[in-house]
Amino acid sequence: MKDQYQQLPPSVTTAADLEQLTRPMLELLEAATGLESTYLTTIDMAAGKQSILFSRNSKSMQIPEGLSVPWGDTLCKRAMEEGRAYTDNVETCWGDSAAARELGIMTYVSQPVRTADGAVFGTLCGASAKSLPLTDITMDVLGRFAKVIAQQVDREWALASSRRDNEALRVQALTDPLTGITNRRGMELELQRMIARCERNNEGLQVAMVDLDGFKTINDQHGHDVGDRFLVHIARRLRGAVRPEDLVARTGGDEFIIVAVGQLHFDLRERLETTTIGRFTAGTLTLDYGGASVGLVKTASADFNVADLFEQADAAMYEIKKQRKSSR
């Protein structure tokens, strides 16, 4: 066994992930020990469950991948609690184990796979229906394999954590921190995707500029905390007024942009104006808000310049704002 361990297959040392590392180890353990089944498990202590992650079954005993059993009845739990990593007579040691009886296990060996923080990821195990003597060298190698697997688990967890952190930073960079909707940078990136869709399908684009009339007065009279809560309230209303695939972005203090591809079954300008009208409550304060000024421009095909559309929508919004002021 020791000589075989020293001649590990290249796939172990060059493994790109846990599966590529584990499978040749299971094969080597089976070949060197005669164990009918070798396998790696994961343990979910919170759920009280142990599952077979990877397994190698060379003879009649079959311990299939994906099998899950209650943790409380497993041989692995008993082995860990008793400090007994190996037995060639399971019936004598743990004859009350229903799982062992069902699988017909006589010889059993197990090493916990512990991550760098000491947590138990799972176990590296072997089993046989026959009584097989295992040497100290075998147990030493099994322990070494368990440590190598644990190191790979740590690497993969660290990589996954780094990816999650990077994704969180990416989302944060593209999101308005106050309202949680897309910011200007995120809008510019999303526009590229939307324009590509328009060109691919020869679809038109609708661009709406939204300016919150009277927002400065709300800030001045009630403070910036109320103003911020009002912006969050309006952002939620705007997001809820359009389709999931439509772009809703905050581009300034009280300015929002909505972009939609293709035809809508509703009037976008009317929908946005209506959704911003209504009662806003902040603690004991209640405001009846008369709605925002919305400028809209749309095209019937992909023949457009997006910068021109933004400029036209902005001009349309200011024209609406002037009309609303003159009518008061």
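Our subject is the structure listed above.
All figures in this text were calculated on a predicted structure; none of them were measured in a lab. (Residues numbered from 1 in each chain as written. Predicted model: local features only at pLDDT ≥ 70, side-chain atom pairs only at ≥ 80, totals over all residues. Heavy atoms only, no water.)

Enquirer: It is not clear to me how the overall build of the protein chain should be interpreted in this structure. Could you clarify?
Expert: Within the protein chain one finds 12 helices and 12 strands. Relative to the 2.2 N^0.38 estimate, which gives 20 Å for 328 residues, the radius of gyration of the protein chain is 32 Å and therefore markedly larger than a compact globule would have. Along the first, second and third principal axes, the C-alpha atoms of the protein chain reach 95 × 50 × 30 Å. Counting all 328 residues of the protein chain, 44% fall into the buried class. When contacts within the protein chain are restricted to residue pairs at least 6 apart in sequence, long-range pairs at least 24 apart make up 61% of them. Accessible surface for the protein chain amounts to roughly 17,200 Å². Of this, 49% is attributable to carbon and sulfur atoms. For the protein chain, the distance from the average site of its 38 positive side-chain charges to the average site of its 45 negative ones is 3 Å. (Helix = DSSP H or I, 4+ residues; strand = E, 2+ residues; numbered from the N terminus. Rg over C-alpha atoms; globule rule 2.2 N^0.38 Å. Buried < 20%, exposed > 50% of the residue type's maximum accessible area, 1.4 Å probe, protein only. Contact = heavy atoms within 4.5 Å. Areas by Shrake-Rupley, 256 points an atom, 1.4 Å probe, with all protein chains shown as cover. Lys, Arg positive; Asp, Glu negative; His and termini not counted. Charge placed at Lys NZ, Arg CZ, Asp CG, Glu CD.)

Enquirer: Explain the sheet that holds strand β9 (residues 255-261) to me, please; I cannot follow it from the model alone.
Expert: Neighbouring strands of a sheet are bound in pairs by backbone hydrogen bonds; such pairs are parallel or else antiparallel. Ordered by their spatial adjacency, four strands build an open sheet running β8-β9-β7-β12, and the pairing between neighbours is antiparallel. Of all strands in the sheet, those with a lone pairing partner are β8 (247-250) and β12 (293-298), marking the two edges. Taking the axes of each pair of neighbouring strands and ignoring which way they run, one obtains an average angle of 15° across the sheet. Examined bridge by bridge, β8 and β9 share four bridges and lie antiparallel to one another. Considered in β9, the bridge of R250 is made with F256. Across the face of the sheet, helix α10 (residues 224-241) comes into contact with β8 and β9 while running at roughly 10° to β9. In the packing of helix α11 (residues 268-276) onto the sheet, the strands contacted are β7 (205-211), β9 and β12, and the crossing angle to β12 comes to about 160°. (Pairing = 2+ DSSP bridges. Axes fitted to C-alpha atoms, helices over the stretch in contact; angles between N-to-C directions.)

Enquirer: When you look at unusual backbone geometry in this model, what are you seeing that I'm missing?
Expert: In most cases, non-glycine residues show a negative phi, while peptide bonds are predominantly trans. In this structure, N202 takes a positive phi of about 50° despite not being glycine. Mapped onto the secondary structure, N202 falls in the loop between α8 (184-201) and β7.

Enquirer: What am I meant to see in the packing of aromatic side chains here?
Expert: Any two aromatic rings considered together are summarised by their centre-to-centre distance and by the angle between their planes. Within the structure shown, the criterion is met by five aromatic pairs. Judged by centre distance (6.2 Å) and plane angle (80°), the rings of W94 and Y108 are edge-to-face. Taken as a pair, W94 in helix α5 (residues 90-94) and Y108 in strand β5 (residues 107-114) lie far apart in primary sequence, 14 residues in all. Overall, W94 belongs to the buried group, its relative accessible area being 3%. Note on Y108: relative accessible area 1%, which makes it buried. Centre to centre, the rings of F230 and Y289 are 4.9 Å apart; their planes meet at 70°, and the pair counts as edge-to-face. Residue F230 is located in helix α10, and its partner Y289 is located in strand β11 (residues 285-289); the two are separated by 59 residues in the primary sequence. Of the aromatic side chains, those joined through ring pairs into one cluster are F215, F230, F280 and Y289. Against the face of F266 rests R271, its NZ or CZ located 3.7 Å from the ring centre. (Phe/Tyr/Trp six-rings, centres within 6.5 Å; stacked < 30°, edge-to-face > 60°. Lys NZ or Arg CZ within 6 Å of the ring centre and 35° of its normal.)

Enquirer: When you look at the pattern of salt bridges in this model, what are you seeing that I'm missing?
Expert: When their charged atoms lie close together, side chains carrying opposite charge are able to pair. Across all of its chains, the model carries 20 salt bridges by this definition. We note a salt bridge from R78 to D96, for which the minimum N-O separation is 2.7 Å. Linking R78 in helix α4 (residues 75-82) with D96 in the loop between α5 and α6 (98-103), this pair joins segments that are 18 residues apart in sequence. On the basis of relative accessible area, R78 is assigned to the buried category, the value being 15%. Across the salt bridge formed by R324 and D213, the nearest N and O atoms sit 3.0 Å from each other. Separated by 111 residues along the polypeptide, R324 in helix α12 (residues 306-326) and D213 in the loop between β7 and α9 (215-222) bring together distant segments of the chain. Linked through salt bridges whose partners overlap, the residues forming this network are D211, D213, K321 and R324. (Salt bridge = Lys/Arg side-chain N within 4 Å of Asp/Glu carboxyl O.)

Enquirer: What's the story with the sheet that holds strand β4 (residues 86-87) in this structure? I'm lost.
Expert: Pairing in this open sheet of six strands is antiparallel, and the strands run β3-β2-β1-β6-β5-β4 from one edge to the other. Of all strands in the sheet, those bounded by a partner on one side alone are β3 (68-70) and β4. Seen against the sheet, α4 touches β2 (49-57), β5 and β6 (120-128) and runs at an angle of roughly 75° to β5. Relative to the sheet, helix α7 (residues 136-173) contacts β1 (37-44), β4, β5 and β6, its axis offset from that of β5 by approximately 35°.

Enquirer: Any chance you could explain the packing of helix α3 (residues 18-33) against α7 here in plain terms?
Expert: If you want to describe how two helices pack, look at the angle between their axes and the distance between the axes. Where α3 contacts α7, the axes come no closer than 10 Å and their chain directions differ by 170°. For the element pair α3 / α7, the angle class is roughly antiparallel. In contact with L18, L21, T22, M25, L28, L29 and T33 of α3, α7 contributes T138, L142, F145, V148, I149, Q152, V153 and E156. (Parallel < 35°, antiparallel > 145°, perpendicular 65-115°, else oblique.)

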